[in-house]
Amino acid sequence: MNVAKVCVRVSVMMAALVVGVPTVQVMAQAAAAPAGQRAAGTVKSTSATGLTLTTTAGQDVVVTIPDAVKVLMVAPGSKDLKSATPGSLGDVAVGDKVLVVGDPAASGPGLTATRVILMKAGAIAATHQAEEAAWTKGGGGIVKSVDAATGTIVIASGLKTVTVMVTPQTIVRRYAGGSVRFADAKVSTIAQIQKGDQLRVRGTKSADGSTITADELVSGMFRNYSGLISAIDASAGTVTLKDLTTKKAVTVAVGANSDVRRIPPMLAERVAARMKGTGAGAAGAPAGAQGAPGAQGAPGGHGAPGEDGAQRERSAGSDLSQMLSRLPTETLAGLKVGDAVMIVATSPSSDTETPMAVTLLAGVDAILRASPSGQTMTLSPWSLGGGEGGEGGGGPEGGQR
């Protein structure tokens, strides 16, 4: 076996494991290789002679590691093994990521390793935190215009307009149809980005924040719905509501990857008050209230000077999107007919396709009373942590990357 080719495959497969972005061609090549020569996944357990890993497909693989076999420790994001440091079986812990190259075990299922590539769970977590911070610092919004020839995208980000500069080095990705996971976003081009898309970007901002040179961006077309649930089909995993904006009944699927939350009534009242430009300041929040926002982005208090009603609703929507990850989780089984909900969902590619909920927020009665048309108060589609995204805010959350 060509060692150089193995190193390249190993490094790319490890990167795919860590960030959750499948490299289709490389993984296909690996799958086509002779059975039993490699396995990648998360360490489930260790022993004095080896380990058991669980693949992304949920399969457990028992690996025997002879004393003479090298364990190479690599940092997340490494593109080759040049920077790898030598380790041992003792360095492997439950939760670490490993890729094993080896031979089928002489007896029973599993592998006898000839090489083990190791990424420590702590290093992966630190990398994810840094990536989340970069996305949060970047921003996002609704696409107003796209000029593929000059590589510029203009977005409405909350109450601001921001110009996104796309270079040949920018990683451009787009949400896959029907998927709500950031990890499923596909490699794309600026030409596929359309007016009305929601876009998230990380990169370098200008001093005044009006321009950002993108290192990476992800876009997608999403739909927002709001109204009262009129029917729940637990077997099909769907909810039906009459959308306040279109006045039509819409059925939305709620899947395993949908983020379902419930906002406490008192907090919903405070968001509604922010939308109206009335209500107590952030200090009015009861101490220890579940889901209470932090000092930044806290709803409540009067709107900013010069804000009209629509601007206040968009601003409150930005606050609400930022606090989503801190709100209590809910399940489909916990929803009931008559619940007031706000939903951001995938945009179906056909009239027969059911939109899939990215985020469903229940308990929004007060919010919908403050925005009876449902036109300006929307949620962010990004399942990625907070940030200053405005209508298209939020950012790629590490847990779903």
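Remember, it's a predicted structure, so these values are computed and weren't measured experimentally.

Digging into the overall build of the chain
Secondary structure summary: the chain contains 6 helices and 20 strands in total. Taking all 401 residues of the chain together, 47% fall into the buried category. Excluding contacts between residues fewer than 6 apart, the proportion of contacts in the chain whose partners are at least 24 apart in sequence is 62%. For the chain, the computed accessible surface area is about 18,200 Å², with 55% contributed by carbon and sulfur atoms.

Observations regarding the packing of aromatic side chains
In the structure shown here, the tally under the stated rule is 1 aromatic pair. Look at Y175 and F222: their rings are 5.2 Å apart centre to centre, the planes differ by 80 degrees, and that puts the pair in the edge-to-face class. Taken together, the positions of Y175 in the loop between strand 11 (171-174) and strand 12 (186-187) and F222 in strand 15 (residues 222-233) put the pair 47 residues apart, joining distant regions of the chain.

Here we look at helix 3 (residues 121-138)
Its 18 residues place the ends of helix 3 26 Å apart at the C-alpha level, agreeing with the 26 Å of an ideal helix rising 1.5 Å per residue. Every buried residue of helix 3 is listed here: I124, H128, W135 and G138. Buried residues of helix 3, viewed axially, fall in a sector of 80 degrees; they line one side. Along helix 3, exposed side chains directed more than 90 degrees from the buried face belong to G122, Q129 and K137. A positive phi of about 130 degrees marks G139, the residue just after helix 3.

Quick notes on the nonpolar core
Membership of the largest hydrophobic core comes to 26 residues, with the highest contact counts inside it found for I263, L327, L361, V364 and I367. Among the secondary structure elements, those contributing two or more residues to this core are helix 4 (265-276), strand 19 (340-346), strand 20 (357-362) and helix 6 (365-370). Per-element tally for this core: the top contributor is helix 4, with 5 residues. Not counting residues within four places of it along the chain, the set of residues in contact with V364 comprises I263, A340, V341 and M342. Counting 17 residues, the second largest nonpolar core, distinct from the first, contains A39, L51, V71 and L111.

Regarding empty space enclosed by the protein
Over the atoms a probe the size of a water molecule is rolled, and this reveals where empty space is left. For the structure on display, the rule yields 3 cavities of 30 Å³ or more. Approximately 70 Å³ is the volume found for the second largest cavity. Around the second largest cavity, the lining comprises 13 residues; the ones closest to its centre are G138, G139, S157, V162 and K205. Put simply, the parts of the chain that give the lining of the second largest cavity at least two residues each are strand 8 (139-147), strand 9 (152-157), strand 10 (160-165) and strand 13 (198-205). Sorting elements by how many residues they give to the lining of the second largest cavity places strand 10 first, with 3 residues.

A word on the pattern of salt bridges
Evaluated as defined, the whole model comprises 10 salt bridges. A salt bridge links R261 to D259, with the nearest nitrogen and oxygen atoms 2.9 Å apart. Each member of the pair, R261 together with D259, is buried. One network of salt bridges, with partners in common, ties together R262, E330, K336 and D339.

What to know about the confidence of the model for the chain
The predicted coordinates should not be examined in detail at positions where pLDDT is low. Here the chain averages 76 in pLDDT, while 71% of its residues score no lower than 70. Within the chain, strand 16 (residues 238-242) carries the highest mean pLDDT (96), whereas helix 2 (residues 24-32) carries the lowest (37).

Focus on the sheet that holds strand 20
Ordered in space as 17-16-15-19-20-18, the 6 strands form an open sheet in which the pairing is mixed. Edge positions in the sheet fall to strand 17 (249-253) and strand 18 (259-262), since each of these pairs with one other strand and no more. Between one strand and the next, the sheet's axes are offset by a mean angle of 35 degrees, whatever the strand orientation. Direction of pairing for strand 18 relative to strand 20: parallel, over a ladder of 4 bridges. Bridged to R262 within strand 20 is A362.

Observations regarding the environment of K137
Inspection of the secondary structure assignment puts K137 in helix 3. Classification of K137 as exposed rests on a relative accessible area of 64%. With 68 residues separating them in the primary sequence, K137 and K205 have C-alpha atoms 8.8 Å apart.

Focus: the pairing of strand 3 (residues 60-64)
Of the two faces of strand 3, the one holding V61 and V63 is buried and the one holding D60, V62 and T64 is not buried anywhere. The hairpin turn running from strand 2 (residues 50-54) into strand 3, its antiparallel successor, is 5 residues long, and G58 in that turn takes a positive phi close to 90 degrees. Pairing of strand 3 with strand 7 (residues 111-119) involves 2 bridges; the strand directions are parallel. Bridge pairing in strand 7 links V63 to L111.

Criteria and thresholds
Residues numbered from 1 in each chain as written. Predicted model: local features only at pLDDT ≥ 70, side-chain atom pairs only at ≥ 80, totals over all residues. Heavy atoms only, no water. Helix = DSSP H or I, 4+ residues; strand = E, 2+ residues; numbered from the N terminus. Buried < 20%, exposed > 50% of the residue type's maximum accessible area, 1.4 Å probe, protein only. Contact = heavy atoms within 4.5 Å. Areas by Shrake-Rupley, 256 points an atom, 1.4 Å probe, with all protein chains shown as cover. Phe/Tyr/Trp six-rings, centres within 6.5 Å; stacked < 30°, edge-to-face > 60°. Expected span 1.5 Å × (residues − 1). Arc of directions from axis to C-beta. Core = buried A, V, L, I, M, F, W, Y, C linked by side-chain atoms within 4.5 Å. 1 Å grid on protein atoms, 1.4 Å probe; cavity = no way out; pocket = protein on both sides within 12 Å on 5 of 7 lines; lining within 4 Å. Points joined across faces, edges and corners; volume = space filled by probe spheres on them. Salt bridge = Lys/Arg side-chain N within 4 Å of Asp/Glu carboxyl O. pLDDT = per-residue confidence, 0-100. Pairing = 2+ DSSP bridges. Axes fitted to C-alpha atoms, helices over the stretch in contact; angles between N-to-C directions.

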